[in-house]
4 protein chains.
Amino acid sequence: MAENVGNAGPVVISEGPFRGWMTWGAGEDPFETAIGPFCFRGSGSAVTCAFEPKRTHLNGGGTIHGGALMSFADFALFAIAHEALAGAKAVTVAFHCEFLSPGGLDETIEAKGEVLRATRSLIFVRGIVTQEARALLAFSGTLKKMAG
Amino acid sequence: MAENVGNAGPVVISEGPFRGWMTWGAGEDPFETAIGPFCFRGSGSAVTCAFEPKRTHLNGGGTIHGGALMSFADFALFAIAHEALAGAKAVTVAFHCEFLSPGGLDETIEAKGEVLRATRSLIFVRGIVTQEARALLAFSGTLKKMAG
Amino acid sequence: MAENVGNAGPVVISEGPFRGWMTWGAGEDPFETAIGPFCFRGSGSAVTCAFEPKRTHLNGGGTIHGGALMSFADFALFAIAHEALAGAKAVTVAFHCEFLSPGGLDETIEAKGEVLRATRSLIFVRGIVTQEARALLAFSGTLKKMAG
Amino acid sequence: MAENVGNAGPVVISEGPFRGWMTWGAGEDPFETAIGPFCFRGSGSAVTCAFEPKRTHLNGGGTIHGGALMSFADFALFAIAHEALAGAKAVTVAFHCEFLSPGGLDETIEAKGEVLRATRSLIFVRGIVTQEARALLAFSGTLKKMAG
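Residues numbered from 1 in each chain as written. Chains lettered and ligands numbered in written order. Predicted model: local features only at pLDDT ≥ 70, side-chain atom pairs only at ≥ 80, totals over all residues. Heavy atoms only, no water.

*Asks:* Lay out the relation of the copies chain D and chain A with the relevant residues and their values.
*Replies:* Least-squares fitting of chain D to chain A yields an RMSD of 0.0 Å, with the superposition described by an axial translation of 0.0 Å and a rotation of 180°. Expressed as an axis order, the relation between the two copies is that of a two-fold axis. Scanning chain D for the C-alpha nearest the rotation axis identifies D:Ala94, at a separation of 3.9 Å. Both copies share a contact surface, since 100% of the interface residues of chain D are interface residues in chain A too. (Least-squares fit on C-alpha atoms with pLDDT ≥ 70 in both. Contact = heavy atoms within 4.5 Å.)

So this is what it looks like as structure tokens:
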């Protein structure tokens, strides 16, 4: 199973374009530190996730790599589910997405979504990754809470 | 739509642990260069894809980040479909995966799979990402060939 | 590939609880005639699909069978995409869903959704099947228009 | 959540073309009784599922309806997982499929697959629906065991 909400939970970014947004603690998620930073603000269905696309996010065709968009969407699953998780740790059990449009370097890439259902052990989330008015990726995922 | 087979096609790696394996040309895919290198050898259903997990692939739980596994699976879709594409460029239209087990830093991570169907415009691929005997990720994807 | 918009297109139901709603012509879709009728009204993102659950839709656990919900969702993909298809025939290329809650016989089962993107050849649709206030199924699908 | 393994478990068919195969008890699964019968034989990864396509399984295009194939695939998830479930009841949590080729009325439709992973609470299954040598549907699903 996949991603794991860091023990220490999110921290507030103190400077730069995402000042006031939250992300996982520095070094707490090495992969997201390497390809991000990915950040979010708000809670519940009002969560907005964002990252600044850089040249290192591009594929051979000069558009944002599908893996970068899926990694961001995986981050977004946990940000959107953050309130529903109420501090519980979870892993991604299943993930699905459709690639709707190519992304570029021109604008911030955002993700919004909603918790469709939260049971005792599972949380179902879906969302859309956008760049300005353009929908890039539609995604959904199933998270499983980890025991204690 | 997402990933794009680089114009120049795969090149052979001339040194290191994956000497003789193929990857996209240096700098041709900035994202895969940054988080990879991902490489493959063989053709058709005999394709094997591989990468060496590093600390930068880890999530906050100390296992391989789901985004890293999905990025590798997206690479694998194109490596597995490489023969069927016969030089045509393509993009990922839809991607699905299940996370079966957590990955670690101990062993090379590999992916194998098969082209389920190739029509004039679409290629359906599925595969499994493994680490030694352990299945980490089951994935499937739909690729769309790009017009000329 | 899967479902096919009937040649004659939808017809208006002239009697019964769904009087004024649309469905495919009688006998035009034998499977939906057998397990439906499934019907819809409205257009674009205002489309509402509906069917009356009967005992024959139940599984061994006494709730609506997953296959019945998925069959209804497949119908809904085409109803939601009906305007975007503009008379073109299409097939389902890929389908994904999450089962959120069990359905029962108490209330009409409905589906609503949206066209996420329509390209020259593909239409991406997502939606949710509900029963009263309860979300039963979240689904998404990729439709491919058929040549002329 | 969706399908539910019937309380009484599978029974052996005593006559007809599928004599000796197993199915859920008569009337135990009303939906599958109505659109099936679906049956299976063997155990573990040697399970073969089958049904005889009839005119009532067709869509408006004269091929097997996607909903019929998905309903059969949902049945197959439980038949393939039957041994791994070891009598436990389960529901489908998530389902995914790609439609590879249209099905017809000419030959028996079969499904085979494998349990990719079974944890304490989840079972991951994938498989392929075929008609003779033709692959019609590739599917995967996540089953959740029900408490007690």
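*Asks:* Please provide a residue-by-residue account of the pairing of strand 8 (residues 134-145) of chain C, values included.
*Replies:* Residues and elements named next belong to chain C. The buried count for strand 8 comes to nine of 12 residues, which makes it a mostly enclosed element. Both strand 5 (residues 90-99) and strand 8 contribute to a ladder of nine bridges, which runs antiparallel. Directly across from histidine 96, in strand 8, lies its bridge partner serine 140. With 10 bridges connecting them, strand 7 (residues 122-131) and strand 8 associate as antiparallel partners. Considered in strand 8, the bridge of isoleucine 128 is made with alanine 138. Connecting strand 7 to the next strand, strand 8, in antiparallel fashion are two residues, including glutamate 132 with a positive phi near 55°. (Buried < 20%, exposed > 50% of the residue type's maximum accessible area, 1.4 Å probe, protein only. Helix = DSSP H or I, 4+ residues; strand = E, 2+ residues; numbered from the N terminus. Pairing = 2+ DSSP bridges.)

*Asks:* Describe the relation of the copies chain A and chain B, naming the residues involved and giving the relevant values.
*Replies:* The transformation that overlays chain A on chain B combines an axial shift of 0.0 Å with a rotation of 180°, and the residual RMSD is 0.0 Å. Here 100% of the contact residues of chain A are again contact residues in chain B; the copies associate through an equivalent surface.

*Asks:* Quick rundown of the interface of chain A and chain B? Include the residues and the values.
*Replies:* Taken together, the 39 residues of chain A in the interface contact 39 residues of chain B. Contact between chain A and chain B buries roughly 3000 Å² in total, counting both sides, with carbon and sulfur atoms accounting for 60%. Inspection of the chain A/chain B interface yields zero salt bridges. Counting the contacts that link chain A with chain B gives 17 residue pairs in polar contact (both at pLDDT 80 or more). When contributions to the side of chain A that touches chain B are tallied by element, the ones reaching two or more residues are helix 1 (30-35), helix 2 (66-80) and strand 5 (90-99) of chain A. Of all the elements, strand 5 of chain A adds the most residues to the side of chain A that touches chain B, at eight residues. Tallied by class, residues from the side of chain A that touches chain B come to 17 nonpolar, 15 polar and seven charged. One ladder, built from five bridges, connects strand 5 of chain A with strand 5 (residues 90-99) of chain B; its direction is antiparallel. Counted as the bridge partner of A:His96 is B:His96 from strand 5 of chain B. (Buried area = accessible area lost by both parts, 1.4 Å probe. Salt bridge = Lys/Arg side-chain N within 4 Å of Asp/Glu carboxyl O. Polar contact = N/O pair within 3.5 Å; in protein donor to acceptor, adjacent residues only side chain to side chain. Nonpolar A, V, L, I, M, F, W, Y, C, P; charged D, E, K, R; others polar.)

*Asks:* I'd like a rundown of the packing of helix 2 of chain A against helix 2 (residues 66-80) of chain B, residues and numbers included.
*Replies:* In the contact formed by helix 2 of chain A and helix 2 of chain B, the axes pass within 8 Å of each other and the chain directions differ by 150°. The angle between helix 2 of chain A and helix 2 of chain B falls in the class roughly antiparallel. Of the two possible hands of crossing, helix 2 of chain A and helix 2 of chain B adopt the one that is right-handed. Facing A:Gly66, A:Gly67, A:Ala68, A:Met70, A:Ser71 and A:Asp74 of helix 2 of chain A, the residues of helix 2 of chain B in contact are B:Gly66, B:Gly67, B:Ala68, B:Met70, B:Ser71 and B:Asp74. Within the contact of helix 2 of chain A with helix 2 of chain B, the residues separate by chemical class into four nonpolar, six polar and two charged. (Axes fitted to C-alpha atoms, helices over the stretch in contact; angles between N-to-C directions. Parallel < 35°, antiparallel > 145°, perpendicular 65-115°, else oblique. Left-handed = near helix turned anticlockwise from the far one by under 90°.)

*Asks:* Describe the interface of chain D and chain A, with residues and values.
*Replies:* Note on interface size: it is often stated as the accessible area lost on association of the parts. Contacts between the two partners involve 10 residues from chain D and, on the opposite side, 10 residues from chain A. Run the count over chain D and chain A and you get zero salt bridges. Taken together, the connections running from chain D to chain A amount to zero residue pairs in polar contact (both at pLDDT 80 or more). Listed by contribution, the elements that provide at least two residues to the side of chain D that touches chain A are strand 5 (90-99), strand 7 (122-131) and strand 8 (134-145) of chain D.

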